[in-house]
Structures are given as C-alpha cells and as structure tokens.
Amino acid sequence: MTTAGPSRPVLSLRQATLRLGGRELWSGLDLDVEPGTFVTVLGPNGSGKSSLLKVVLGLRELTAGSASVAGRAVRRGDRRVGYVPQHSGFDADTPVRGRDLVQLGVDGHRWGLPSWGRSSVVQDRLRQVGADHLADVRLGRMSGGEQQRVRIAQALATDPDVLLCDEPLLSLDPRHQARVVDLLDRRRRDHGTAVVFVTHEINPVLGATDLVLYLMDGRFVLGTPDEVLRSEVLSSLYGTRVEVVRRRDRVAVLADEAVGF
Amino acid sequence: MDLAFSDFVDFSNYDRLVPLVQNSLYAGALLGLLGGLVGVFVIARDLPFAVHGVSEMSFAGAAAALLLGGSVVAGSFAGSVVAAALIAALGARARERNSVIGVLMPFGLGLGILFLALHEGRSANKFGLLTGQIVAVDSARLNLMIVTTLAVVAVLAVIWRPLMFASVDPEVAAARGVPVGLLHWVFMILLGCTVAVAVQAVGALLVLALLCTPTAAAIRLTTSPVLLPLLSALFALTAMLGGTFLALGTAIPISPYVTTLSFLIYLVARVVGRPDRRREVAPSGGGAVGIGAA
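Numbers given to residues run from 1 along each chain, matching the order in which its sequence is written. Chains carry letters from A onward and ligands carry numbers from 1 onward, assigned in written order. It should be noted that, the model being predicted, local features are given only for residues of pLDDT at least 70 and side-chain atom pairs only at 80 or more, the latter also being counted only at that level, while totals for whole chains, interfaces and linings use all residues.

Chemist: Please give an account of the pairing of strand β11 (residues 242-247) of chain A that cites residues and values.
Modeler: Residue and element names in this part refer to chain A. The pairing criterion is simple: DSSP has to find at least two bridges between the two strands. Runs of E in the DSSP output that reach at least two residues are strands. Runs of H or I that reach at least four are helices, and both are numbered from the N terminus. For β11 and strand β12 (residues 250-255), the ladder comprises 6 bridges, and the chain directions are antiparallel. When the bridges of β12 are listed, R247 appears paired with R250. The turn linking β11 back onto β12 is made up of 2 residues, and R248 within it adopts a positive phi angle of 50 degrees.

Below is the structure:
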C-alpha cells in the first residue's frame, strides 16, 4: 500500500538465500514490506513459498542474507508476527473451541495450567473476524471457512505487525474465499497490518494485492501485479513461452506446456 | 488371595474387608486421577493405539523380569518406557506411527507370553499381568504409585498449556515458540510411566479403560478445557474405586468391573451428552451455518 512519506518496513529481507537439501530455492532476495502492504507470494510447489514464511517465523534459517521484522532479526515466537498455517482440519473430538484456539494464540506458549476466566482479547479478536458465534463451538464442528476465520482471529491475538498466511483459501468455495480475503484486506487497511499471503491462485486476492512475489526454480520476480503478471515477465521467469491474459479483475496464465503454477 | 475372596461372595463383611484392601483403594484413587488427566492428552494427541502398544510392551517387560527373577514393577516400567520412547521416535503424527505400533504390539505380547510360559511361578501372576491384580498392592508398590503419580501430575501441571497447544495446533505452537518436539518426548515418557503403573492394576489388556474411555466420555459432556480434565479424572476415579469395591464382594477379578463401569459411564455420556450446540448439524451441512454474521 502506498502511503504518504517513507515508513519503516515491518518486514525486510536482505540478499536472502535459502538452500534446502542441496537445492537453491531462492537467492539474493531483497524485500521490504511497508505497514499495511498486501504481498502475494506465488510459485509452483516446492518453490519455497512456505519456507519463506518459515524463515520469517524463525523456524528456518537463511543460508545467506538477513531477515528482520520491524528492524529486529527474526526469531521464534515473535509477538509481532501472526501466522495462519495451511488448512488441516480438526477431528470432531479435538477438545478445543473457537475461544480456546484464540486463547492459545494469546498465552498458549506460557507454562502452566489453562486459565479459568474469559479473556476480553479473545472476544475482541473473534468479533473482528465476525466469529462471535463460534466462540463455544468445537473446531471439528466448524466448516472450513469458519475454521479459517477463527485461525485468523488466533493469528491476530498478539496484535501483530505482519500476518503470514499459508494458502488460507485452500478447500474453500469462492464465497468463503472472498470473505477471508475481505477480512484480511480490511485488517491491513484499518490496522496497518502487513499481510504476506502464500497462494497457488492469484485471482481471489488480485484486488487486494499490492505486491506480487513470484518464486520459480531459484529465481524470482517482485513487483506490482501490473509489473509481474505480464507475458514477457513470466515467460522469462518460466523459461518457456507463457501468455498472461487479463480480463477485468481476473487473470489467467496460459502455457504451451505444463509449467505448474 | 483367590481363596479368601470366594469366601466372601456377599457384601455383608464390608467393614472387615475394607481395611484389608486399603492399599488397593489408595492405588485405585491414584490411578483414577492419573488416568483421567493423562487421558486428556491421549485423546488430544490421538494416541489410544499407542497406549495399547505401550501397555503390551510393558507386559512383556514385566514377564521378562518375572522370568529373570527381577522386579516385576521394574520390568513393567522398563518395557513401557522403552516402548514409549520407540513410539516417540516415530513422530507425532498418527498415520506415521500406527503401522509400526501394529507391528510392535503382537511382538511384545508374544514375547510376554513366551516369558510367562518359560516361568514356572504361580499362575496368578501370569493372569494378573494381563488382566489386573490390584488386590495385591503392597506398601512398596503403593509408594511407587504415589511417587509416580505425583511426578507425572506435577510435570503435567507445568506443561499443560503448551502441551495442549502443541497437541491440537502444532504448526502455530511451533511458530509461537513452543518446544513442540521436546514436549512430544516429555509426554511420551509420562505416558510410559503412567501405563507402567496402570498395568499393575488393571492389566495390560485393559489399560485403555483408564487412559481413553473416561476422557472420551467427558468430551461428550463438556467443551470447557478446565472441566474436561476434572470430569475425566472423576470418571476414571469412579470406575477404579467402584470396581475395587464391587470386586470385594465376589471372586471375579477387579478389571471387568473397572472396564464395565468405565464403559457404562461412556454410554451414558454418549446418550445424554450434548457438549456442542451444533450437535444437530450434520457434518456435511456444517458449511452453511452461521456465515451471515458481520
């Protein structure tokens, strides 16, 4: 999001390089994410999209370069970073309600017994995502879209500066996808929370996206959607002829051979 | 002991009997408490099958100790802690470990039966390790149970919250700084100790009646993370103590009473339980519910 005057980036990568199992996922990555910016990370499976989030979460170390959140080196358990993981359903018997999941986001890392009282933070976060009515419902009894909203409430528990989302739209139908995207879009506009959104499918987030980071076979392109989602840019990234068709608010990437987006 | 019980098939001598089995009652109470609390994580971490595997290795360990002339209790502890560590090494995901547990389990049971067959001791021992022998709790064994229970409950009280986080939501827990891998190991060792103690009482085949059924019943009745362990412990305690009291009046061993009580509690909980306002909503129809808000 372009704001008047220079603001301090909440997330910075400097010459970041990640090598996993002898394979270079990306290298020389420079990225500055300003408050309130919506960054969409695209790329085929195994291109290192989720690993990028793991680096920011402090769960994976860069092979070279540096990564910092609000000016400080990334570390595990940073309260300024919220995380919505890849969707994996819950069993019906999982003894956790909506409010409990959010509560775990508040104090789940602290030693000791669960607290008795009802936390106003939990109620507030559930309200923010329109999930008040899910407070007393077990996770296993929620639909996929409801679970994702509660997960976002959990990720907001610490009032983070950066929200990392790993394919949060997976297995949701278009209507619920739109709701989740709208929620994130509003959050970053109202609170200036930067969003880093990993996805296979750009269309649901195209309207919200400020920056696209396209990862591919150790290379990457970074820019606004208009700069990146162009035939010549993606053709050179993929090393094969790729055609980008944009029609109103939709975009399609067509290739002569299967390139795997 | 068996002979003494067949003399008391009616409940008229209770006041004389109860002091004789005082140790057993204390042991039952400890086990109920322990089983009910540990069971919460057995369910949350999807470990019932692992519990069964650990208890049969515990049986093998105890049988080996019996054969070699060592302490049955020590053998049972060694067997279950080794099994728990093996299962811990397989990882936290149920799918990855279940087949290996399925492979280990009959091997452990087979070994145990072999050791018992080679051992020329009293047959009561053979039967006891598989199906329970709580009436034979001596002071030394009771002390061990007290120490184990206190230790396990104390550790659980410290790690409860992050362990629950790591159990139901491992990715986010790791991201928030919870030592997920360490907690996985710590809990498996706690589980090993718990199973070793439980095997002494209800026997290897019936450990799940203490470590799974009470929590499964409690889950049908409450959604509160605070009430769940309390209710689960209460149910396990009821089954253990009730089973001990009932066993006093007859010649039947304690374990069928414990398992039956435990099962009855579960049945009742299933029938009356409505822990979630959404019970009526079929899983397939869940998607359309409550979306209109905000």
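Chemist: Give me the interface of chain B and chain A: which residues, what numbers.
Modeler: The contact criterion used is a C-beta to C-beta distance within 7 Å, with each C-beta placed from the backbone. Every contact between the two is made by 34 residues of chain B and, on the other side, 36 residues of chain A. Top contributing element to the side of chain B that touches chain A by residue count: helix α8 (residues 139-168) of chain B, with 8 residues. Under the scheme applied, nonpolar residues are Ala, Val, Leu, Ile, Met, Phe, Trp, Tyr, Cys and Pro; charged residues are Asp, Glu, Lys and Arg; polar residues are all the others, including Gly. Taken together, the residues of the side of chain B that touches chain A sort by class into 22 nonpolar, 5 polar and 7 charged.

Chemist: Account for unusual backbone geometry, with residues named and values stated.
Modeler: Positive phi values are uncommon outside glycine, yet Q15(A) reaches one of about 45 degrees. With respect to the secondary-structure elements, Q15(A) resides in strand β1 (residues 11-20). Working definition of burial: number of other C-beta atoms within 10 Å of the residue's own, with buried at 20 or more, exposed at 12 or fewer, and partly exposed in between, all C-beta atoms being placed from the backbone. According to the C-beta neighbour criterion, Q15(A) is exposed, with 12 such atoms within 10 Å. Positive phi outside glycine occurs at D46(B), with the angle close to 60 degrees. On the secondary structure map, D46(B) appears in the loop between α3 (22-44) and α4 (48-68).

Chemist: Break down the packing of α4(B) against helix α10 (residues 180-202) of chain B for me, citing the residues and quoting the values.
Modeler: Residue and element names in this part refer to chain B. Where α4 meets α10, the axes come as close as 9 Å, and the angle between the chain directions of the two elements is 60 degrees. If you check the angle between α4 and α10, you find them oblique. Crossing hand, α4 versus α10: right-handed. Together, V51, V54, S55, S58, F59 and A62 of α4 and L191, G192, V195, A196 and V199 of α10 make up the contact between the two elements. All axes are obtained by fitting lines to C-alpha atoms, using only the stretch in contact for helices, and the reported angles, taken between N-to-C directions, cover 0 to 180 degrees. When describing relative orientation, an angle under 35 degrees is termed roughly parallel and one over 145 degrees roughly antiparallel, while 65 to 115 degrees is termed roughly perpendicular and anything else oblique. Should the near helix be turned counterclockwise from the far one by less than a right angle, the crossing is left-handed, whereas a clockwise turn marks it as right-handed.

Chemist: How would you sum up the environment of G132(B)? Please name residues and give values.
Modeler: All names here are of chain B. Along the chain, G132 falls in the loop between α7 (123-131) and α8. Along the sequence, G132 and N98 sit 34 residues apart, while their C-alpha atoms lie 26 Å from each other. In this view, G132 contacts A201, V202, G203, L206, P253, I254 and S255; residues no more than four positions away in its chain are not counted.

Keep in mind that these numbers describe shape and distance, not what the molecule does.
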